[in-house]
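Chains, contacts and geometry: an overview
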Amino acid sequence: MNTKEAVARRIIELCEQRNLAVNALANISGVSPSTIYSMLNEKSKNPGVVSIKKICDGLDITLGEFFSTPEFDDLEQEVK
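These notes cover the structure that comes with them. For clarity, every value in this text was computed on a predicted model and none was experimentally measured. (Residues numbered from 1 in each chain as written. Predicted model: local features only at pLDDT ≥ 70, side-chain atom pairs only at ≥ 80, totals over all residues. Heavy atoms only, no water.)

1. Some details on the overall build of the protein chain
Per the secondary structure count, the protein chain includes six helices and zero strands. The order of α-helices and β-strands along the protein chain, N terminus first, is α-α-α-α-α-α. At 12 Å, the protein chain has a C-alpha radius of gyration in line with the 12 Å of a compact globule built from 80 residues. Based on the C-alpha atoms only, the size of the protein chain along its principal axes is roughly 40 × 25 × 20 Å. Per-residue burial over the protein chain gives 34% buried out of 80 residues. (Helix = DSSP H or I, 4+ residues; strand = E, 2+ residues; numbered from the N terminus. Rg over C-alpha atoms; globule rule 2.2 N^0.38 Å. Buried < 20%, exposed > 50% of the residue type's maximum accessible area, 1.4 Å probe, protein only.)

This is how it looks when you write it as structure tokens:
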């Protein structure tokens, strides 16, 4: 799994935990639905930290809480 995939999985996980649709997440975080959808599919190769921060603010969690999961701990190095 790469970092982009881990970010997408984390967003989906957080939406499922809170019973939120992607559009509802967009509304509470001030990020457009198209931006979130692009983070969830192959359009966005590099999800922006500002967008992730806005999502965290909307969910009332910190960036640390967002990234504090085994998926991010186990990522392989992407620089080759």
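The rest of the description comes next.
2. Observations concerning the environment of N23
Summarising the element assignment, N23 is placed in helix α2 (residues 22-29). A relative accessible area of 41% means that N23 is categorised as partly exposed. When the C-alpha positions of N23 and S34 are compared, they lie 9.1 Å apart, and in sequence the two are 11 residues distant. Sequence-distant contacts of N23, that is, excluding residues within four places in its chain, are made with P33 and Y37. (Contact = heavy atoms within 4.5 Å.)

3. Some points on the pattern of salt bridges
For the coordinates displayed, the defined rule picks out two salt bridges. Note that R10 is salt-bridged to E13, the shortest N-O span being 2.9 Å. Here the residue R10 and the residue E13 both occupy positions in helix α1 (residues 3-18), the gap between them amounting to three residues, near one helical turn. Its relative accessible area of 9% is what places R10 among the buried residues. (Salt bridge = Lys/Arg side-chain N within 4 Å of Asp/Glu carboxyl O.)

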